[in-house]
Amino acid sequence: MTSMLTAQRPPINPPSMLRASATIVWRNLIHIKRMPEMLLDVTVQSVMFVLLFAYVFGGSINPPGDVSYKEFLLPGIMVQTMIFTSAIAAMGLTNDLQKGIVDRLKSLPISRSSVLVGRSISSLIHSSIGIAVMAVTGLLIGWRVRESVGETVLGFGLILLFGFAMIWLGIYVGSLMRTVEAVQGFMFTVMFPLTFVANTFAPTEQMPSWLAAVAEWNPVSALTQACRELWGNGVTAPSDAAWQLQHPVLMSVAWSLLLTAIFAPLALGAYRRRSRD
Amino acid sequence: MTSPAVEAIDLVKRFGENTAVDGVSFVVPEGTVLGLLGPNGAGKTTTTRMLTTLSVPTSGTARVAGHDVVKEADAVRRSMGLAGQAATVDELLTARENLKLIGRLYGLPKTYVRSSIGELLERFDLVQAADRPVKTYSGGMRRRLDLAVSLMAAPPVLFLDEPTTGLDPRSRTELWEVLRELVREGTTLVLTTQYLEEADHLADDIIVIDKGRVIAAGTPTQLKDQAGAASVVVTLTHAADLERAEGLVRDHSPEVHVDVTARRITAQADGLGDMSRIGAAFQEAGIEVDDLGLKRPSLDDVFLHLTGHRADHDGAEGEPSETDELEEALR
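Residues numbered from 1 in each chain as written. Chains lettered and ligands numbered in written order. Predicted model: local features only at pLDDT ≥ 70, side-chain atom pairs only at ≥ 80, totals over all residues. Heavy atoms only, no water.

## Some remarks on the UniProt feature "transmembrane region" (unreviewed entry) in chain A
Next, step 1: Residues annotated by UniProt as "transmembrane region" (unreviewed entry) correspond here to residues 38-57, 77-95, 116-141, 153-173, 185-202 and 249-271 of chain A.
Next, step 2: For residues 249-271 of chain A, the end-to-end C-alpha separation is 32 Å, with 100% helix and 0% strand making up the annotated structure. (UniProt positions renumbered as here; feature names shortened; annotations may be inferred. Helix = DSSP H or I, 4+ residues; strand = E, 2+ residues; numbered from the N terminus.)

See the structure below:
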């Protein structure tokens, strides 16, 4: 065999950051295709949670206003799914760091942020599949979107925006921790209280007053309240509720920006520190 | 005059209190093979990581293909390939997908990527398995793919971090053959290894690293000469001749060791001259021999000589017990 290696080097034209990110998304999506069980968390589990909450707890929880529990539940559980995107992103990143994939990618002449951008996009796709599965399940058991197309789209847009903020948290945690197991343990410990101490699954009115105060100021509650209002799945917050629940759309956007402003620099710093060694 | 393919000048890497690499310098001329030899934790991987832009040196500089690894990291990345424990392949992707991923990220022309994937799969004997996820591969296949991936953009300089650790002897020999072929084609190779035999087989020059410092440098032969005298090893055809043979050898050598069951006599010697004199004496006396040879000290002996301790093979799976065999032979 003649020297393919030294005689004729091929022209190297490294792709733009976006193209490189798209290639990494392609690679991450092959993972989902090869290991469909990776999607269990957002498919089978999503359906299961919707059904469990709707039929096990549904009877004993009375949402405010003249709204069925199924309608009340769907926005909340979709928000929860999107918040878990942080765990998905963190586990994916830690796995790639641990296995030397990130090093392989870093040894190439591509923008280093494309690894993170690719990871973010594929994590959002992953969670969005879950949201779609939930929407279909919801429609089958009687959940309906009752407002205009614009408001419906805005609701999903807010969820995606919040998911984007959550991914920075995921990248931060993923860069700090050494094993996928550690990430999983940590994220689940943080994410369950964060998504349950809120108006996601039950109205805050029946909670002890101190807990209700925490729940009402939880960013998760603002987002859930915003979706309920935009989709016609709940009444507007009463005047004695926390201020943020009276302005849920504004606050959802504000929280997304604030959390991004906090976690994006932390995440980039932690990732860079991890990458320098 | 061309600049060297790789040049490291006083590289230092500290992790907090711990100094992993403590002032390593070397030069690798184009088209040659440098072996970075040392036990686990000696600083070989950290050195490789700095040279391949994965890790930023605490101090010191290095150039790969004439480009500074910190200031011109992107140019370095265009000029080198990396394989081994420092960077690896994706287990869920097939061989073809792994190669395609890297080809796309280099931005190589589509037609080139297609034909190059075909050639590399063929060359590394992965055609049959090309469309199976890598997690189904054996260790040897994985290493071959790893190497193929690092060759996707036909880099002039190739870094291999412990390319054969954990491989069975046969896969190791096969991989060595491939590496020799690459060198014949003009690729410059920098490989780290804790296998003394590997460095001896592949490298033109060897740097011995221990605790982050270079403790010796030279050709394999030079390093072996440092470790002391060679010995002549004779295996007799008939055990009955042993006593007579030992007497003859003692005329030529101050130190003689006889292994009765193996019908083998080992004698300290100065070099080939002693060997041929002993051979002639045997012929004159009519003693038949199965084998007669000169044994230079192995790199294991070199390491022992330099550091006062044996190369520590902890953590290397499937490590053949060369050391033990050698010790037994010397007993």
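## Points about unusual backbone geometry
Residues and elements named next belong to chain B.
Next, step 1: Positioned with a positive phi, aspartate 125 is a non-glycine residue whose angle comes to about 55°.
Next, step 2: For aspartate 125, the position within the fold is in the loop between helix H4 (110-123) and helix H5 (139-150).
Next, step 3: Here alanine 154, not a glycine, exhibits a phi torsion of approximately 45°, which is positive.
Next, step 4: The residue alanine 154 is located in the loop between H5 and strand E7 (157-161) in this model.
Next, step 5: A residue is classified by how much of its surface remains accessible, and alanine 154, at 0% relative accessible area, is buried. (Buried < 20%, exposed > 50% of the residue type's maximum accessible area, 1.4 Å probe, protein only.)

## Comments concerning the confidence of the model for chain B
Predicted coordinates in areas of low pLDDT are best not read in detail.
All names here are of chain B.
Next, step 1: Confidence along chain B averages 87 in pLDDT terms, with 91% of residues attaining 70 or more.
Next, step 2: Here helix H12 (residues 322-330) stands out as the element of chain B with the lowest mean pLDDT, 39, in contrast to helix H3 (residues 95-106), whose mean of 97 is the highest.
Next, step 3: Across residues 313-331 the pLDDT falls below 50, and counting only partners more than four positions away or on other chains, this stretch makes 25 contacts in the model. (pLDDT = per-residue confidence, 0-100. Contact = heavy atoms within 4.5 Å.)

## Things to note about the packing of aromatic side chains
Next, step 1: Enumeration over the complete set of coordinates arrives at 14 aromatic pairs over all chains.
Next, step 2: With a centroid separation of 6.3 Å and an interplanar angle of 40°, the aromatic rings of tyrosine 172 of chain A and phenylalanine 263 of chain A are classed as tilted. Of this pair, tyrosine 172 of chain A sits in helix H7 (residues 149-176) while phenylalanine 263 of chain A sits in helix H12 (residues 248-276); the two residues are 91 residues apart in sequence, bridging distant segments of the chain.
Next, step 3: Taking the relative accessible area as the measure of exposure, phenylalanine 263 of chain A reaches 17% and is therefore buried.
Next, step 4: Taken together, the ring pairs in this structure connect Phe49, Phe53, Phe57, Phe84, Phe188, Phe192, Phe196 and Phe201 of chain A into an aromatic cluster.
Next, step 5: When the ring centre of tryptophan 26 of chain A is taken as reference, the NZ or CZ atom of arginine 104 of chain B above it lies at 4.3 Å.
Next, step 6: In this structure, arginine 172 of chain B is placed above the aromatic ring of tyrosine 195 of chain B, and the distance from its NZ or CZ to the ring centre is 3.9 Å. (Phe/Tyr/Trp six-rings, centres within 6.5 Å; stacked < 30°, edge-to-face > 60°. Lys NZ or Arg CZ within 6 Å of the ring centre and 35° of its normal.)

## Digging into the environment of glycine 60 of chain B
Residues and elements named next belong to chain B.
Next, step 1: Tracing the chain through its elements places glycine 60 in strand E4 (residues 59-64).
Next, step 2: Judged by its relative accessible area of 37%, glycine 60 is partly exposed.
Next, step 3: Every residue in contact with glycine 60, bar those within four places of it in the chain, is listed here: Ile9, Asp10 and Leu11.

## What to know about the pattern of salt bridges
Next, step 1: Per the stated rule, a full pass over the model turns up 27 salt bridges over all chains.
Next, step 2: For the salt bridge of arginine 250 of chain B with glutamate 246 of chain B, the shortest nitrogen-to-oxygen distance reads 2.8 Å. Of this pair, arginine 250 of chain B and glutamate 246 of chain B are both found in helix H9 (residues 242-250), 4 residues apart, which corresponds to roughly one turn of the helix.
Next, step 3: The class for arginine 250 of chain B is partly exposed, based on a relative accessible area of 42%.
Next, step 4: The network of salt bridges with common partners includes Arg27, Asp96 and Arg119 of chain A together with Asp90 of chain B. (Salt bridge = Lys/Arg side-chain N within 4 Å of Asp/Glu carboxyl O.)

## A word on the domain arrangement of chain B
Next, step 1: Partitioning chain B into domains gives domain 1 (6-225) and domain 2 (229-295).
Next, step 2: The C-alpha-based centres of domain 1 of chain B and domain 2 of chain B are spaced at 43 Å. (Domains from an automatic or database assignment.)

## A look at the sheet that holds E7 of chain B
Residues and elements named next belong to chain B.
Next, step 1: Read from one edge to the other, the open sheet built from 6 strands follows the order E6-E7-E8-E3-E9-E10, with strand pairing classed as mixed. Each edge of the open sheet carries a strand with a single partner, namely strand E6 (80-84) and strand E10 (213-218). The sheet shows a mean angle of 15° between the axes of neighbouring strands, direction not considered.
Next, step 2: In this structure, E7 lies alongside strand E8 (residues 188-193), joined through 5 bridges in parallel fashion. Each residue of the ladder has a partner; that of leucine 160, found in E8, is leucine 191.
Next, step 3: Running over the sheet, helix H11 (residues 299-307) touches strand E3 (33-37), strand E9 (205-210) and E10 and is turned about 45° from E9. (Pairing = 2+ DSSP bridges. Axes fitted to C-alpha atoms, helices over the stretch in contact; angles between N-to-C directions.)

## With respect to the pairing of strand E11 (residues 230-236) of chain B
Residue and element names in this part refer to chain B.
Next, step 1: Within E11, 7 of the 7 residues are buried, leaving the element largely enclosed by the surrounding structure.
Next, step 2: With burial as the criterion, each face of E11 is covered, one bearing Ala230, Val232, Val234 and Leu236 and the other bearing Ser231, Val233 and Thr235.
Next, step 3: Pairing between E11 and strand E13 (residues 264-269): 6 bridges, direction antiparallel. For alanine 230, the partnering residue across the bridge sits in E13 and is alanine 269.
Next, step 4: With 6 bridges connecting them, E11 and strand E14 (residues 289-295) associate as antiparallel partners. Following the sheet pairing, valine 232 is matched in E14 by leucine 294.

## Comments concerning the interface of chain B and chain A
Next, step 1: Contacts between chain B and chain A engage 51 residues on the former and 36 residues on the latter.
Next, step 2: Summing both partners gives a buried area of about 4,000 Å² for chain B against chain A, and 60% of it is carried by carbon and sulfur.
Next, step 3: Applying the counting rule to chain B against chain A returns 5 salt bridges.
Next, step 4: Across the salt bridge formed by arginine 27 of chain A and aspartate 90 of chain B, the nearest N and O atoms sit 2.5 Å from each other.
Next, step 5: Connecting chain B to chain A are 16 residue pairs in polar contact (both at pLDDT 80 or more).
Next, step 6: Counting residues per element, the ones that place at least two in the side of chain B that touches chain A are strand E1 (6-15), helix H2 (73-79), E6, H3, H4 and H5 of chain B.
Next, step 7: Residues that form the side of chain B that touches chain A fall into these classes: 27 nonpolar, 9 polar and 15 charged. (Buried area = accessible area lost by both parts, 1.4 Å probe. Polar contact = N/O pair within 3.5 Å; in protein donor to acceptor, adjacent residues only side chain to side chain. Nonpolar A, V, L, I, M, F, W, Y, C, P; charged D, E, K, R; others polar.)

## Section: helix H8 (residues 180-196) of chain A
All names here are of chain A.
Next, step 1: With 17 residues, H8 extends 24 Å from end C-alpha to end C-alpha; this agrees with the ideal 24 Å at 1.5 Å per step.
Next, step 2: Among all positions of H8, only Val180, Val183, Met187, Met191 and Thr195 are buried.
Next, step 3: Buried-residue contacts for H8 involve helix H3 (69-83), helix H4 (85-99), H7 and helix H10 (219-231). (Expected span 1.5 Å × (residues − 1).)

## Focus on the sheet that holds strand E2 (residues 18-28) of chain B
Residues and elements named next belong to chain B.
Next, step 1: What the 4 strands build is an open sheet, ordered E2-E1-E4-E5; its pairing is antiparallel. Edge positions in the sheet fall to E2 and strand E5 (67-68), since each of these pairs with one other strand and no more.
Next, step 2: Bridge count between E1 and E2: 8 bridges; the pairing is antiparallel. Paired with valine 12 across the bridge in E2 is aspartate 22.
Next, step 3: Contacting E1, E2 and E4, helix H1 (residues 44-51) runs over the sheet at an angle of about 115° to E1.

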